[in-house]
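# Chains, contacts and geometry: an overview
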Amino acid sequence: MRNNIVKYIILCLIIFSATFYYGAYTAGVIAFFMMFVKEPKYIIDFVLKEKAIAFTVAALLLSTIFSSVRGYSVLLVGIIIVHLMVYLVIIKWVQNENIEDVFKLLNLMAILICIYGIYQYFTLDLAINTSWTDQGTFGVLIRIYSSMRNPNILAGYLTINICYAISYYIRKKTEIYTAINIVLSSVCLILTYSRGGFIAFAAAILVIAIVSREIKVGVYLAFMILVYYGYNFFESTGRADISTISNDSSSLYRIEIWKASWNLFKENIAFGAGLGSVSKLISFSSDKLNGYIFHAHNIPLHLLAETGIVGFTAFYALALSGIKRFILFWKVHKDSSSSYIAVGFIGALTAMLVHGMVDCVYFIPSRSLIFLIYLGLFPAVFQRVSSKEKC
């Protein structure tokens, strides 16, 4: 009975992570206490094993101690702790469940999110923020965002979703719902008009094509590039034209944010100005920055500004540990039934690092849990395989 309740709570966590984040956080906390209240040893063992995560948490705590906005930093540390709870829940649950059941739920959710995005496009039932469209440069654009609140966040989500879906389809081939997911997600990615998102998508799919050695993945990428540029050409928006990047408003605004973030970093090089300092200290900080800015639109700069060199090093050490695990897994288990999770993970990590050069959509608390769930699938599979090998 207890296991069934936990299962339904985790299902709510996954569904709410892309739609209703208060519900997702609540479900994550409840699931954590139900699963670990009698297993503190599991948590201690996890902390001791996951040195990169422990280093990252330590860096965040140091940043909070030296924070210029300590109260807000403490609040964000609390949110990060909830993320760790959710990560532990996903790790342990996936180890005991059929990974394909988890994936199918994510697959279905992606299809519904895409259907809603396409509905927005045809009905214009969406609120278009003028800062998303660069109207002075490109005219009126319709950029869908579905349940993600922002076209760039939707593009980040779709890219990671496509990475896993493509990887699954390569192995299973006859899974019709995955094919529907790939088609709808590809259409919606084009309709976000997210240049950074599409470049990240191209980089991720290229990595998947190289790792899987599947020619059809390369063909899919070439087709998507043609569609992306073709759609922009026939719509006469010019947004895909790289030459416009140097003079459109969103790019120039990003440059000002980057300058302000770099100046914030220079004030505390070791530990940064504290979590949340970018939004609290550089928003409205000059005539050129006249709106609320939640993140630095660049992951390296965001980390340097808020957590300093220590936090920056911790984050990329965490990313490198993920790459190391993928290499170890791929050497031995590339033909296993769960290998698609590993391929999806390395594609998703590539997308995150590339997209992170112009955006920090993965750090926004209202939608960050869905990214965490996707990225947590491979570590769970890795731990399950490692446990079996030790037996």
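Details of the structure are given in the entry above.
Residues numbered from 1 in each chain as written. Predicted model: local features only at pLDDT ≥ 70, side-chain atom pairs only at ≥ 80, totals over all residues. Heavy atoms only, no water.

### Things to note about the environment of isoleucine 80
How we decide: Secondary structure elements are defined from DSSP: runs of H or I of at least 4 residues count as helices, runs of E of at least 2 residues count as strands, and each element is numbered from the N terminus. Burial classification: accessible surface area is computed with a 1.4 Å probe over protein chains only, and a residue below 20% of its type maximum counts as buried, one above 50% as exposed, and the rest as partly exposed.
Positionally, isoleucine 80 belongs in helix α5 (residues 70-96). Classification of isoleucine 80 by relative accessible area gives partly exposed; the value is 28%. Considering only alpha carbons, one finds isoleucine 80 and leucine 60, 20 residues apart in sequence, at a separation of 9.3 Å.

### What to know about the environment of phenylalanine 122
Looking at where phenylalanine 122 falls in the secondary structure, it is placed in helix α6 (residues 99-123). For phenylalanine 122, a relative accessible area of 66% translates into the label exposed. Remark: the alpha-carbon pair of phenylalanine 122 and isoleucine 144, spanning 22 residues in sequence, is separated by 9.9 Å.

### Points about the packing of aromatic side chains
Formally: Within 6.5 Å between ring centres, the rings of Phe, Tyr and Trp (the latter by its six-membered ring) count as paired, and their orientation is classed by plane angle as stacked under 30 degrees, edge-to-face over 60, tilted in between. Charges are assigned to positions over rings by a cutoff of 6 Å between ring centre and Lys NZ or Arg CZ, combined with an angular limit of 35 degrees from the ring normal.
Taken as a whole and judged by the stated rule, the model has 30 aromatic pairs. On the basis of an interplanar angle of 40° and a centroid distance of 5.4 Å, the ring pair of phenylalanine 198 and phenylalanine 201 is categorised as tilted. Separated by three residues within a single helix, phenylalanine 198 and phenylalanine 201 lie in helix α11 (residues 195-212), roughly one turn from each other. The pair phenylalanine 198 / phenylalanine 201 is uniform in exposure class, with both members buried. Residues phenylalanine 312 and tyrosine 316 carry aromatic rings whose centres are separated by 4.9 Å and whose planes lie at 50° to one another, so their mutual orientation is tilted. Here the residue phenylalanine 312 and the residue tyrosine 316 both occupy positions in helix α15 (residues 299-333), the gap between them amounting to four residues, near one helical turn. Through successive ring pairs, a cluster of aromatic residues spans Phe16, Phe20, Tyr21, Tyr22 and Tyr25. The cationic tip of lysine 92 hangs over the ring face of tyrosine 42; the distance from NZ or CZ to the ring centre is 5.1 Å.

### Section: α11
The cut-off we apply is this: Expected helix span is computed as 1.5 Å times (number of residues minus one). For this analysis, a polar contact is any N or O atom pair within 3.5 Å, provided that within protein one partner can donate a hydrogen and the other can accept it, and provided that sequence-adjacent residues contribute only side-chain to side-chain pairs.
For α11, built from 18 residues, the straight-helix expectation of 26 Å at 1.5 Å per residue is met to within 8% by its first-to-last C-alpha distance of 26 Å. Every buried residue of α11 is listed here: Arg195, Gly196, Gly197, Phe198, Ala200, Phe201, Ala202, Ala204, Ile205, Ile208, Ala209 and Val211. Capping of α11 at its N-terminal end is provided by serine 194; its side-chain oxygen lies 3.0 Å from the backbone amide nitrogen of glycine 197. Downstream of α11 by one or two residues, arginine 213 has phi in the positive range, about 60°.

### Some thoughts on the packing of helix α2 (residues 21-36) against α5
Stated formally: Lines fitted to the C-alpha atoms define the axes, with helices restricted to the stretch that makes contact. Angles between their N-to-C directions range from 0 to 180 degrees. Orientation categories follow fixed angle ranges, with anything under 35 degrees roughly parallel, anything over 145 roughly antiparallel, 65 to 115 roughly perpendicular, and all other angles oblique. Helix crossings are classified by the rotation of the near helix relative to the far one: an anticlockwise turn of less than a right angle makes the crossing left-handed, while a clockwise turn makes it right-handed. Should any heavy atoms of two residues lie within 4.5 Å, those residues are counted as being in contact.
Between α2 and α5, the shortest axis-to-axis distance is 9 Å and the interhelical angle comes to 55°. Viewed along their axes, α2 and α5 adopt a mutual orientation that is oblique. As α2 runs across α5, the sense of the crossing is left-handed. Across from Tyr25, Gly28, Val29, Ala31, Phe32, Phe33, Met35 and Phe36 in α2, the residues of α5 making contact are Ile79, Val82, His83, Met85, Val86, Leu88, Val89, Lys92 and Trp93.

### Focus: the state of the cysteines
The line we're drawing: Working definition: a disulfide is two cysteine sulfur atoms within 2.5 Å of each other.
Per the stated rule, a full pass over the model turns up zero disulfides. The thiol of cysteine 114 is unpaired, and the distance to the nearest cysteine sulfur, on cysteine 188, comes to 4.0 Å. A relative accessible area of 1% means that cysteine 114 is categorised as buried.

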